[in-house]
Amino acid sequence: MSLTDLTLAEARKKLRAREVSARELTEAHLRAIEALQPKLNAFITLTPELALAQAKAADERLARGEALPLDGLPLAIKDLFCTEGVRTTAASRMLENFIPPYESTVTAKLKAAGAVFLGKTNLDEFAMGSSNITSAFGPAVSPWQRPDDPRPLTPGGSSGGSAAAVAARLALGATGTDTGGSIRQPAAFCGIAGIKPTYGRCSRYGIVAFASSLDQAGPMARTVEDCAILLEVMAGFDPKDSTSAEEPVPPFAEALKRSVRGLRIGIPKEYRVEGMPPEILALWEKGAAWLETAGAEIREVSLPHTPHALPTYYIVAPAECSSNLARYDGVRYGLRVPAEDLTEMYEKTRAAGFGAEVKRRILIGTYVLSAGYYDAYYLRAQKVRSLILRDFTEAFREVDALLTPTAPSAAFPLGEKMDDPVTMYLNDVFTVPASLAGLPALSVPCGTDAQGLPLGLQVIGRPFDEEGIIAVGRALEESAGFAARPALAAQE
Amino acid sequence: MGYVIEGKTGPWEVVIGLEVHAQVISQAKLFSGAATAFGGEPNHQVSLIDAAFPGMLPVINRECVAQAIRTGLGLNAEINLWSRFDRKNYFYADLPAGYQISQYQHPIVGKGEIEIELSDGSTRRIGITRLHLEQDAGKSLHDQHPTKTLIDLNRAGVALMEIVSEPDMRSPEEAGAYLRKLRTILRYLGTCDGNMEEGSLRADVNVSVRRPGEGFRTRCEVKNVNSVRFVMQAIEAEARRQIAIWEEGGVVEQETRLFEPGRGITRSMRSKEDAHDYRYFPDPDLVPLVIDAAWVEELRRTLPELPDAKKRRFMEQYGLPAYDAGLLVAEAATADYYEKLARGRDPKLAANWMIGDLFAALNRTGRSIEDPPVAAEGLGELLDLLTDGTISGRIAKEVFEIMVETGEGARAIVEKRGLRQVTDTAAIEQAVAEVLAANADKVAEYKSGKEKLFGYFVGQVMKRMAGKGNPALVNEVLRRVLGGG
């Protein structure tokens, strides 16, 4: 078995057993990147020198028998995490040359745990998108292909570069961020696992903000176990983030051993949306059947406000983004287009620095917060948001976790659905409710469509019950036995 | 009848409300660990949070919250145990995030009131509407470069308390008294240094006029007035402007104005139509500020004695008239000086010396009560010499001036210069005899009934004795010699 095909857990075992060195493992991934990056555009910035230096340090610790939790494991970092001394772009022209003098809490924890950083992965600009098409550096491309259709497919978004890199075996795992589905949807499209933790579980400090009340960092990897291992390092209270939760971090990987026997799994009937492809419906039913076979009890539940989740999300998220992105004004860092006066400098800088989708969301957000519209949009959206949370709270009185599809379709060709933003926004229809409610949710690859493209199922849990969704996710993973390989994957 | 402005068509009443921005005394800024000292090198007290770098998040500074609570308690106000921070969105070069974090809907402090004293000795209660915490902005420097504006972010993120009054004031004097009283309270509490010159206390003044007995008319806001005197001038100027408009049949438009002290007028800054839409919404980076009632009580217990209470105590404990007590409690340091001076001495004598001689010396030397030319111990020594008869009152004044000038102690001055009062009756009798002998004509006049001349003889004797004669003894001897003659 090649080094790049190892799971993170397997690689960790081999490193600790000194069967392989961190340098060998890192070099194998760097070679894979060299071969596939031109086709996948999964990375915006590569950091091979940093990676080799980190690998060397890891090898020294491993040799001393002082292995750190993630020692020597090559990871890819979504280019939304600020990394000290390494360019951080958020896939925007605005930050094309921005090198932060500080490190995000999540990446600092990964570094401190011995991880090796291969580079910064591509995403939708400022994480706003579901296809990677809004990246100012060109979209990442899915390593998956339809057998009879040469058009490149989207890896999903916004964490599409991370998903593509992990699926194509360019990294053992990656960080993602999820605001309305940005970890789960690309994970589903690329046939990997991804966890969006409970809001507040991981610190947002040092992550370029999109929508502060929704943004949450999480792991992406090829197995649920690998995600659990990464999450254990990434999570934890951070005094630098006022919204981070003072919850103890349990050993998430332990939850993999839990049985789902006796668990009550809810199937929310409102997720059975019109026009859902039959193969997704079939997979969803299959997933429920697997869990039932494993001893879980399947119950239909109702989340009556689900139809309002998407419009609510597309008010709350743009409102926050319109304010969060005001700091990109050309005054202190990032792009500045010189002009005669301050107003003109703002206009020119922001016109040149932001892409169309970012501008659209800033405009929507500014509109919904404006005097005269605030009550009708923002305030009402907040009310609906609390109703959506109440739906979940009530459902969780009856069930222990919810099972849904992750996305309403498999990956689509890049450039499709671009003419109508609303069609694009529909990608998030199953992922957005859990985001609005701040609940933990994961996506696990459970099958393929007729054309061999991966499909994922989503498990949503109670607040801070990542262990519960990890247990259910692992059970699904085991039953599904997903073994399909993307067309473009490292060949070592 | 209170203060009115006589217009061409009759009297007008002025309605005033103040919004005061008070910079919180704290080591660090409201949401970052950067230092807050005034006068640092430009952009040397700026954290990545203050400069709004990507991914930076605000974390509330507990001490700033404590200061706001202390201030609320000092203003006899409700403390809201649940409050929230909102974002006030607008673009400006010295506002790094593109929004100011402020408490728009749910302030930390609610309704309160303070009592002001007016020159006629009357008092009035002025309502406080609210106090909220917010961030200050940076400074735009337009005069450092021929074509560019430079930005100094040292002040960006510093905690401010915005203290909003009810529209309860009816004259420039009341507004001045309110502002001075507020400043005194803040300084007593140690929550704001009250320095208007350095901008740590700034006032926005809301002014409207009306016919006596009418409801409110449209108000205008005069922004950023930076001294008590200017506040009073700005109110008068703005009231007269509005009266002129109404009397000419015009309508006052609600707008924001600036006061120009040099010309004594206000001018338009922006009209209601240009007003920003600040798009306030709850800051999603912060959780609601929830305060423990026990903490509020702890802060209440450790509050210093406030000026009103101190004044009452001074009147009761030291028997001072209200006016004197008021002067002595205006600054905590003055009150401390007084209490040190009055301990074991005649409290009225101590008050008179402070209000008279010491305050005059402070004025003349330009020094403050925190750094006085004569410390309380030194002045106490002087008063002791006066009280025990070592020196006369006249000599005491002289000695005090020497103390101010040289910094020497009272006893040392008296000894070195031989200023000890003469109580030797023989010496006084001799001086009296000499004076009477030299003024035989006046003695005759006195004896024929011109008794006013007694004072003249006292003066001459004192002069002959270089002021050192004990006045009581001089009087006694003179009366004896003249009367018996």
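Engineer: Just checking my understanding: could you explain the overall build of chain B for this structure?
Structural biologist: Counting secondary structure elements, chain B contains 15 helices and 16 strands. Its C-alpha radius of gyration of 30 Å places chain B more than 25% over the 23 Å reference for a compact globule of 485 residues. Its C-alpha atoms give chain B principal-axis dimensions of about 95 × 55 × 55 Å.

Engineer: When you look at the overall build of chain A in this model, what are you seeing that I'm missing?
Structural biologist: Scanning chain A for helices and strands turns up 15 helices and eleven strands. Taking 2.2 N^0.38 as the reference for a compact globule, 492 residues should give roughly 23 Å; the C-alpha atoms of chain A span a radius of gyration of 21 Å, in line with that estimate. With respect to the three principal axes, the spread of C-alpha positions in chain A is 60 × 50 × 50 Å. By the burial criterion, 62% of the 492 residues in chain A qualify as buried. Considering only contacts within chain A whose residues lie at least 6 apart along the sequence, 77% involve residues at least 24 apart.

Engineer: Would you take a moment to explain the interface of chain A and chain B for this structure?
Structural biologist: When the parts come together, some accessible area is lost, and that loss is often what is quoted as the size of the interface. Taken together, the contact between chain A and chain B spans 34 residues of the former and 26 residues of the latter. Secondary-structure elements contributing two or more residues to the side of chain A that touches chain B are helix H9 (309-324), helix H10 (342-353) and helix H11 (356-369) of chain A. By residue number, the principal contributor to the side of chain A that touches chain B is H9(A), which donates three residues. Among the residues forming the side of chain A that touches chain B, the class breakdown is 18 nonpolar, nine polar and seven charged.

Engineer: What am I meant to see in the domain arrangement of chain B here?
Structural biologist: Here chain B is partitioned into domain 1 (5-299), domain 2 (304-416) and domain 3 (425-484). Listed by partner, the interface residues are four residues for domain 2 of chain B and four residues for domain 3 of chain B.

Engineer: Teacher, can you tell me more about the pairing of strand E2 (residues 74-78) of chain A here?
Structural biologist: Remark: a regular strand shows side chains that alternate across the two faces of the sheet. Residues and elements named next belong to chain A. Of all five residues in E2, five are buried, a share of seventy percent or more. Here E2 shows a buried face lined by Pro-74, Ala-76 and Lys-78 and a second buried face lined by Leu-75 and Ile-77. The pairing of E2 with strand E3 (residues 116-121) spans five bridges and is classified as parallel. Paired with Lys-78 across the strands is Thr-121, a residue of E3. Both E2 and strand E4 (residues 173-178) contribute to a ladder of two bridges, which runs parallel. Looking at E4, one finds that Leu-75 is bridged to Gly-173.

Engineer: How should the pairing of E4(A) be read in this particular structure?
Structural biologist: Extensive coverage of E4(A) is indicated by the burial of six of its six residues. Side chains A:Gly173, A:Thr175 and A:Thr177 of E4(A) all project onto a buried face; the interleaved residues A:Ala174, A:Gly176 and A:Asp178 project onto the opposite face, where all are buried too.

Engineer: Is there a simple way to think about helix H15 (residues 466-480) of chain A in this case?
Structural biologist: One turn of the α-helix equals 3.6 residues, which is why residues spaced by three or four share an orientation. All names here are of chain A. With 15 residues, H15 extends 20 Å between its outermost C-alpha atoms, agreeing within 8% with the 21 Å of an ideal straight helix rising 1.5 Å per residue. Those residues of H15 lying buried are Glu-466, Gly-468, Ile-469, Ile-470, Ala-471, Val-472, Gly-473, Arg-474, Ala-475, Leu-476 and Glu-477. Gly-481 occupies a position one or two residues after H15 and carries a positive phi of about 55°.

Engineer: Just to check I follow, could you spell out unusual backbone geometry for this structure?
Structural biologist: Negative phi is the rule for most residues except glycine; trans is the rule for most peptide bonds. All names here are of chain A. Gly-157 connects to Ser-158 through a cis peptide bond whose omega is 5°. One can find Ser-158 in the loop between E3 and helix H5 (160-167). In this model, Phe-464 sits at a positive phi of 65°, which is unusual for a non-glycine residue. Residue position: Phe-464 is located in the loop between strand E11 (454-461) and H15. We classify Phe-464 as buried; it has 21 C-beta atoms within 10 Å.

Engineer: Sorry if this is basic, but what is going on with the nonpolar core here?
Structural biologist: Side chains of nonpolar character tend, in soluble globular proteins, to be buried together. Within the largest apolar cluster, 273 residues are counted, with the highest numbers of intra-cluster contacts made by A:Leu75, A:Val472, B:Val205 and B:Val399. Every residue in contact with B:Val399, bar those within four places of it in the chain, is listed here: B:Leu382, B:Ile391, B:Ala410, B:Ile413, B:Val414 and B:Leu419. Among the nonpolar cores identified, the runner-up in size contains ten residues, and B:Ile428, B:Phe457, B:Met465 and B:Leu478 belong to it.

Engineer: Quick question: what am I supposed to make of helix H9 (residues 376-387) of chain B here?
Structural biologist: Residues and elements named next belong to chain B. For H9, which comprises twelve residues, the first-to-last C-alpha distance of 16 Å matches the rise-based estimate of 16 Å (1.5 Å per residue) to within 8%. Among the twelve residues that make up H9, nine are buried, leaving the element largely enclosed by the rest of the structure. The elements touched by buried residues of H9 are helix H7 (332-342), helix H8 (347-365), helix H10 (393-406) and helix H11 (410-416). Positive phi appears at Gly-389, one or two residues downstream of H9, with a value of about 85°.

Engineer: Could you clarify how one ought to interpret the sheet that holds strand E8 (residues 297-301) of chain A in this entry?
Structural biologist: Backbone-to-backbone hydrogen bonds join strands into a sheet, with any given pair of strands oriented parallel or antiparallel. Residue and element names in this part refer to chain A. Read across the sheet, eleven strands follow the order E1-E3-E2-E4-E6-E5-E10-E11-E9-E7-E8 without closing on themselves; strand pairing throughout is mixed. The open sheet has two free edges, formed respectively by strand E1 (43-46) and E8, since each of these has just one partner strand. The mean angle between the axes of side-by-side strands here comes to 30°, regardless of whether they run parallel or antiparallel. In terms of strand pairing, strand E10 (residues 441-448) meets E11 through seven bridges, oriented antiparallel. Bridge pairing in E11 places Gly-447 opposite Leu-455.

Engineer: What should I look at first to understand the environment of B:Asp277 in this one?
Structural biologist: Positionally, B:Asp277 belongs in the loop between strand E14 (265-271) and strand E15 (281-282). Measuring from C-alpha to C-alpha, the distance between B:Asp277 and B:Lys88 comes to 9.0 Å, with 189 residues separating the pair along the chain. Those residues in contact with B:Asp277 that sit more than four places away from it in its chain are A:Ser370 and A:Ala371.

Engineer: Hey, could you run me through the packing of helix H1 (residues 62-74) of chain B against helix H4 (residues 293-301) of chain B in this one?
Structural biologist: When two helices pack together, their arrangement is given by the angle between the helix axes and by the axis-to-axis distance. Residue and element names in this part refer to chain B. Packing of H1 against H4 brings their axes to within 10 Å, and their N-to-C directions diverge by 65°. Like other packed secondary-structure pairs, H1 and H4 cross with a definite hand, here right-handed. Residue-level contacts link Ala-66, Ile-69, Arg-70 and Leu-73 of H1 to Val-296, Leu-299 and Arg-300 of H4. Of the residues in the contact of H1 with H4, the class split is five nonpolar, no polar and two charged.

Engineer: Is there a simple way to explain the environment of A:Thr312 in this structure?
Structural biologist: Residues and elements named next belong to chain A. By the element assignment, Thr-312 lies in helix H9. With 22 C-beta atoms packed within 10 Å, Thr-312 lands in the buried category. Residues Thr-312 and Arg-350, spaced 38 residues apart in sequence, show a C-alpha to C-alpha distance of 26 Å. Among residues more than four places away in sequence, those in contact with Thr-312 are Ala-381, Val-384, Arg-385, Ile-388 and Leu-436.

Engineer: What's the story with the confidence of the model for chain B in this structure? I'm lost.
Structural biologist: For chain B, the mean per-residue pLDDT works out to 93, and 99% of the residues sit at or above 70. On the interface metric, ipTM, the complex scores 0.96, and its pTM is 0.91.

Engineer: Explain the environment of A:Leu402 to me, please; I cannot follow it from the model alone.
Structural biologist: All names here are of chain A. Relative to the helices and strands, Leu-402 is located in strand E9 (residues 401-405). When the C-alpha positions of Leu-402 and Tyr-313 are compared, they lie 20 Å apart, and in sequence the two are 89 residues distant. Once you skip the residues sitting within four places of it in the chain, Leu-402 turns out to touch Gly-266, Pro-268, Ala-395 and Ile-460.

Parameters at a glance
Residues numbered from 1 in each chain as written. Chains lettered and ligands numbered in written order. Predicted model: local features only at pLDDT ≥ 70, side-chain atom pairs only at ≥ 80, totals over all residues. Helix = DSSP H or I, 4+ residues; strand = E, 2+ residues; numbered from the N terminus. Rg over C-alpha atoms; globule rule 2.2 N^0.38 Å. Buried ≥ 20, exposed ≤ 12 C-beta atoms within 10 Å, placed from the backbone. Contact = placed C-beta atoms within 7 Å. Nonpolar A, V, L, I, M, F, W, Y, C, P; charged D, E, K, R; others polar. Domains from an automatic or database assignment. Pairing = 2+ DSSP bridges. Expected span 1.5 Å × (residues − 1). Core = buried A, V, L, I, M, F, W, Y, C linked by C-beta atoms within 7 Å. Axes fitted to C-alpha atoms, helices over the stretch in contact; angles between N-to-C directions. Left-handed = near helix turned anticlockwise from the far one by under 90°. pLDDT = per-residue confidence, 0-100.

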